[in-house]
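Chain by chain, the residues:
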Amino acid sequence: MLVRLVLFVCLIGHVFAKEPPDVDCVIVHLEYVQCSWNKQGTPEVNYTFSSWFEHKTKSPCATYLQSENNINTGCIRPYKKGQKFQLFYTKLDNQSHLKKHNLKDKVKLNPPTNLTVKNGSDFNLWFYWNQTHTNCVESEVRFRKNNKTWEQSKVNTGTQEYCINLPSSISRYELQVRSRVGNSCGESRYWSEWSKPAVWGTNNSTDSDVSLSVWQPVLYVVGALTFILLVIMSLQHERLRIIFIPVVPKPSPILDDFENWVEKAKRLKDNLKTNYNESACPVSEYSHVSQSDSMNSDIYSSSVTTNQTDCSISIPLNDPEDQPPPYSPSPSTV
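Definitions and cut-offs
Positions within a chain are numbered from 1, following the residues in the order the chain's sequence is written. Only residues with pLDDT of at least 70 are given local features in this predicted model, and only at 80 or more are side-chain atom pairs given and counted; all residues enter the totals for whole chains, interfaces and linings. Remark: hydrogens and water are excluded; side-chain values derive from all non-hydrogen atoms of the structure. A pair of strands counts as paired when DSSP detects no fewer than two bridges linking them. Put simply, DSSP H or I for four residues or longer makes a helix, DSSP E for two residues or longer makes a strand, and each gets a number counted from the N terminus. Here, axes are lines fitted to C-alpha atoms. For helices the fit covers the stretch in contact, and angles between N-to-C directions go from 0 to 180 degrees. N or O atoms closer than or at 3.5 Å make up a polar contact, with two conditions inside protein: a donor-capable atom paired with an acceptor-capable one, and, for residues adjacent in sequence, both atoms drawn from side chains. Residue contacts follow a heavy-atom distance rule, with two residues in contact if any of their heavy atoms lie within 4.5 Å. Note on terminology: pairs of cysteine sulfur atoms within 2.5 Å are recorded as disulfides. Partly exposed residues are those whose accessible area sits between 20% and 50% of the maximum for their type, while under 20% is buried and over 50% is exposed, using a 1.4 Å probe and protein chains only. The patch calculation keeps residues exceeding 30% relative accessible area without a salt bridge and links them within 9 Å when they carry like charges or within 5 Å when they are nonpolar (Val, Leu, Ile, Met, Phe, Trp, Tyr). Values of accessible area rely on a 1.4 Å probe in the Shrake-Rupley scheme; residue burial ignores everything except the protein chains shown. Any Lys or Arg side-chain nitrogen located within 4 Å of an Asp or Glu carboxyl oxygen qualifies as a salt bridge. Two aromatic rings, drawn from Phe, Tyr or Trp (for Trp, its six-membered ring), form a pair once their centres lie within 6.5 Å of each other, and the interplanar angle then sorts them: stacked below 30 degrees, edge-to-face above 60, tilted otherwise. Comment: the charge-over-ring label is applied if NZ (Lys) or CZ (Arg) is within 6 Å of the ring centre and within 35 degrees of the ring normal.

### Brief notes about the sheet that holds strand β11 (residues 125-130)
Taken in spatial order, the 3 strands of this open sheet run β10-β11-β14, and their pairing is antiparallel. Two strands in the sheet have a free side with no partner beyond their single neighbour: β10 (113-119) and β14 (161-164). For this sheet, the mean inter-axis angle between neighbouring strands, taken without regard to orientation, is 15°. Direction of pairing for β10 relative to β11: antiparallel, over a ladder of 5 bridges. What sits directly across from Thr 116, in β11, is Tyr 128.

Okay, structure coming up:
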């Protein structure tokens, strides 16, 4: 009877016994393998751990990771180059539960170090950093201006520098970088932690940005009220009318008639102008002269030749009726 009771207790204990926790492993900085089994909390008992790579001999854990209560929560074992492409086996205690791991995409690098910043001769801002493993390693940077939202950008594989074009001299720039194994060497699912930030510039514009954000709604309201007031004034008073786009007059169909009228007026003006030349003509007048003057005139005309032209015109002084009677010499008295 006692033997049956002992067997029953053993069976009940086996049924209600807790299964060992799940083991998760990762290759850290291509230097060692770190396995842990405390994802679901610190275990209640200390487990013994053993592991091995494919085609290698099983070996117990040399370095345990422990909690504050000295409970084993993980193990660190050595790693050799190229072993991430081999299967890795782990086992807790002497139980038959065995777990197989594929570590090819479970590599986590350390954060980049010596992050520095320099204002280059090309007026650009250059950031530099160091990563122990440069081959097949890609990086990602994040930076922000004046403590605003982070902006992220990837960097080409093997590159350990980043440029910010034409930075503002009155702004503050902060940059961090992280790395992981790239696709050419079996891309890892884990990024490293962010590096310590590198800072350049001052944050003098932070206060002004805050004050501007406070006054911005007020400025919008004032601008809207001013615009409405101008519209009302322009509708009520023509003198205050606002002309945004001048109206271009359309050409009138009377334009052709006007041109014809100008042409006709010009021709009429030309016709009114004199188009002939007239030479000057001498004009002589008949006058009553005495006999002695007539005789002297005959003598003078006989000695002097007078030029006459075809256009000579003689203009009588009086009508024939008004002429005086012919002169009759009276006898002279001696």
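Moving on from the coordinates now.
### Topic: the side chain of Gln 176
Examined against the element boundaries, Gln 176 turns out to sit in strand β15 (residues 172-181). A distance of 2.7 Å separates a polar atom in the side chain of Gln 176 from a polar atom in the side chain of Arg 142. In contact with Gln 176, other than residues within four places in its own chain, are Leu 115, Glu 140, Val 141, Arg 142, Trp 150, Trp 194, Ser 195, Lys 196 and Pro 197.

### Examining the state of the cysteines
Within the structure shown, the criterion is met by 3 disulfides. At a sulfur-sulfur separation of 1.9 Å, the disulfide partner of Cys 61 is Cys 75. The S-S bond linking Cys 61 to Cys 75 shows a torsion near 110°; that makes this disulfide right-handed. A residue pair is termed long-range when its members are at least 10 positions apart, and Cys 61 in the loop between β4 (59-60) and β5 (63-66) and Cys 75 in strand β6 (residues 72-78) qualify at 14 residues. For the pair Cys 61 and Cys 75, a shared accessibility class is recorded, and that class is buried. Residue pairing for Cys 136: its cysteine sulfur links by disulfide to Cys 185, the two sulfurs lying 1.6 Å apart. You can see Cys 136 sitting in the loop between β11 and β12 (137-145) and its partner Cys 185 sitting in the loop between β15 and β16 (198-201), a full 49 residues away along the chain. When the bonded cysteines of the protein chain are numbered from the N-terminus onward, they pair as 1-2, 3-4, 5-6.

### Examining the sheet that holds β15
Across the sheet, which stays open at both edges, the 4 strands sit in the order β13-β12-β15-β16 with antiparallel pairing between neighbours. The two strands at the open ends of the sheet, each matched to only one other strand, are β13 (151-155) and β16. The average angle at which neighbouring strand axes cross in this sheet is 25°, direction not considered. The pairing of β15 with β16 spans 4 bridges and is antiparallel.

### Some remarks on unusual backbone geometry
Not every positive phi belongs to a glycine, and His 29 is a case in point at roughly 55°. Its location among the elements puts His 29 in the loop between β1 (24-28) and β2 (32-36). Given a relative accessible area of 3%, His 29 falls into the buried group.

### A look at a nonpolar patch on the surface
On the surface, Val 221, Leu 225, Phe 227, Ile 228, Val 231, Ile 232 and Leu 235 cluster together into a nonpolar patch covering about 700 Å² of accessible area. Mapped onto the fold, Ile 232 is located in helix α2 (residues 206-236). For Ile 232, a relative accessible area of 41% puts it in the partly exposed group.

### Quick look at the packing of aromatic side chains
The tally for this structure, following the rule as stated, stands at 6 aromatic pairs. Judged by centre distance (6.5 Å) and plane angle (20°), the rings of Trp 126 and Tyr 128 are stacked. In this structure Trp 126 comes out as partly exposed when scored by relative accessible area, which is 21%. Here Tyr 173 and Trp 200 contribute two aromatic rings whose centre-to-centre distance is 6.0 Å and whose plane-to-plane angle is 45°, an arrangement assigned as tilted. Taken as a pair, Tyr 173 in strand β15 and Trp 200 in strand β16 lie far apart in primary sequence, 27 residues in all. Taking NZ or CZ as reference, Arg 142 lies 4.5 Å from the ring centre of Trp 194, over its face.

### Regarding the side chain of Ser 51
Mapped onto the fold, Ser 51 is located in strand β3 (residues 49-53). Take Ser 51: its relative accessible area is 2%, and that puts it in the buried class.

Take it as geometry only, folks, not as evidence of what the structure does.
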